[in-house]
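Structural description and commentary
Residue-level listing of the chains:
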Amino acid sequence: KPVGSPLVDLSHIHEMIPVVVFAVIFHQAVPGLANEMKQKSQVGTIFGYTLLLCAFVYSFIGLIVGWYFGDTIYESSNLNWGEYHAGTGNLLVNDSGGHEWINIAWWARLISFFVVLFPAIDVISVFPLFALVLGNSLMGMVYPDTIQEMQRN
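Residues numbered from 1 in each chain as written. Predicted model: local features only at pLDDT ≥ 70, side-chain atom pairs only at ≥ 80, totals over all residues. Heavy atoms only, no water.

With that out of the way, let us pick up the packing of aromatic side chains. Following the criterion strictly, the structure yields three aromatic pairs and no others. Plain terms: the ring middles of Trp81 and Tyr84 are 5.0 Å apart, the flat faces sit at 45° to each other, and that makes the pair tilted. Classification of Tyr84 by relative accessible area gives partly exposed; the value is 27%. With a centroid separation of 5.5 Å and an interplanar angle of 50°, the aromatic rings of Phe114 and Phe118 are classed as tilted. Here Phe114 pairs with Phe118, and both are found in helix α4 (residues 106–142), just four residues apart, close to one helical turn. (Phe/Tyr/Trp six-rings, centres within 6.5 Å; stacked < 30°, edge-to-face > 60°. Buried < 20%, exposed > 50% of the residue type's maximum accessible area, 1.4 Å probe, protein only. Helix = DSSP H or I, 4+ residues; strand = E, 2+ residues; numbered from the N terminus.)

Okay, structure coming up:
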């Protein structure tokens, strides 16, 4: 059941800034991505729409997760899905007041597993892109005048 949360609370906006910067930090890859495009005149439009789409999706997810979990949300919101059961299973309460869900449907466990692990998988999948950009930047520092020739070799 949704916990609820105020729609706007600007008292912690300073905590959001690093998250926003990290979410759109792909700018270091723009030259390489733009170089591969056939219609160079569309680069600004495509990246503009991409940023708008990302902003909308991140904002939508943030609003829904904040509204649903309220003050009980973990700093990494995917962890809130650790006990996802989709209405299946039974709640077992022990004598000390703790609880555990049992007999949860396999597909609900699969969804929970996927959502909890997705950020780690996502970071691992982006690593080669960041490594390529870092490698290009380092080559540019070491071989500033002949980087094109060095890359071909």
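What follows is about helix α3 (residues 43–69). In this model, α3 (27 residues) spans 38 Å end to end at C-alpha, consistent with the 39 Å of a helix rising 1.5 Å per residue. Turning to α3, its buried residues number three or more, namely Val43, Phe47, Val65, Gly66 and Phe69. Taken from the residues just after α3, Gly70 is the one with a positive phi, measuring 55°. (Expected span 1.5 Å × (residues − 1).)

The next point concerns α4. For α4, which comprises 37 residues, the first-to-last C-alpha distance of 53 Å matches the rise-based estimate of 54 Å (1.5 Å per residue) to within 8%. Helix geometry: α4 is bent most strongly at Phe118, by close to 45°, with proline Pro119 lying one to four residues after it. Of the residues making up α4, those classed as buried are Ala108, Ser112 and Val133. (Bend = angle between axes of the 7 residues up to and from the residue.)

When you line up the elements, Ala131 lands in helix α4. Judged by relative accessible area, which is 35%, Ala131 ranks as partly exposed. Residues Ala131 and Tyr143, spaced twelve residues apart in sequence, show a C-alpha to C-alpha distance of 18 Å.

Here the protein shows a mean pLDDT of 82. Residues at 70 or above account for 93%. Taken element by element, the protein is modelled with least confidence in helix α5 (residues 147–152), mean pLDDT 74, and with most confidence in strand β1 (residues 90–93), mean pLDDT 90. (pLDDT = per-residue confidence, 0-100.)

Before going further, it helps to spend a moment on the pairing of strand β2 (residues 99–102). Pairing of β1 with β2, which is carried by four bridges, proceeds in the antiparallel orientation. Within β2, the residue paired with Leu91 across the bridge is Trp101. Hairpin geometry of β1 and β2 is characterised by an intervening segment of five residues between the two adjacent antiparallel strands and by a positive phi of about 95° at Gly97. (Pairing = 2+ DSSP bridges.)

It is worth spelling out the side chain of His85 at this point. Topologically, His85 is positioned in the loop between α3 and β1. According to the relative accessible area criterion, His85 is buried, its value standing at 18%. With residues up to four places along the chain from it excluded, the contact list for His85 reads Trp101, Ile104 and Ala108. (Contact = heavy atoms within 4.5 Å.)

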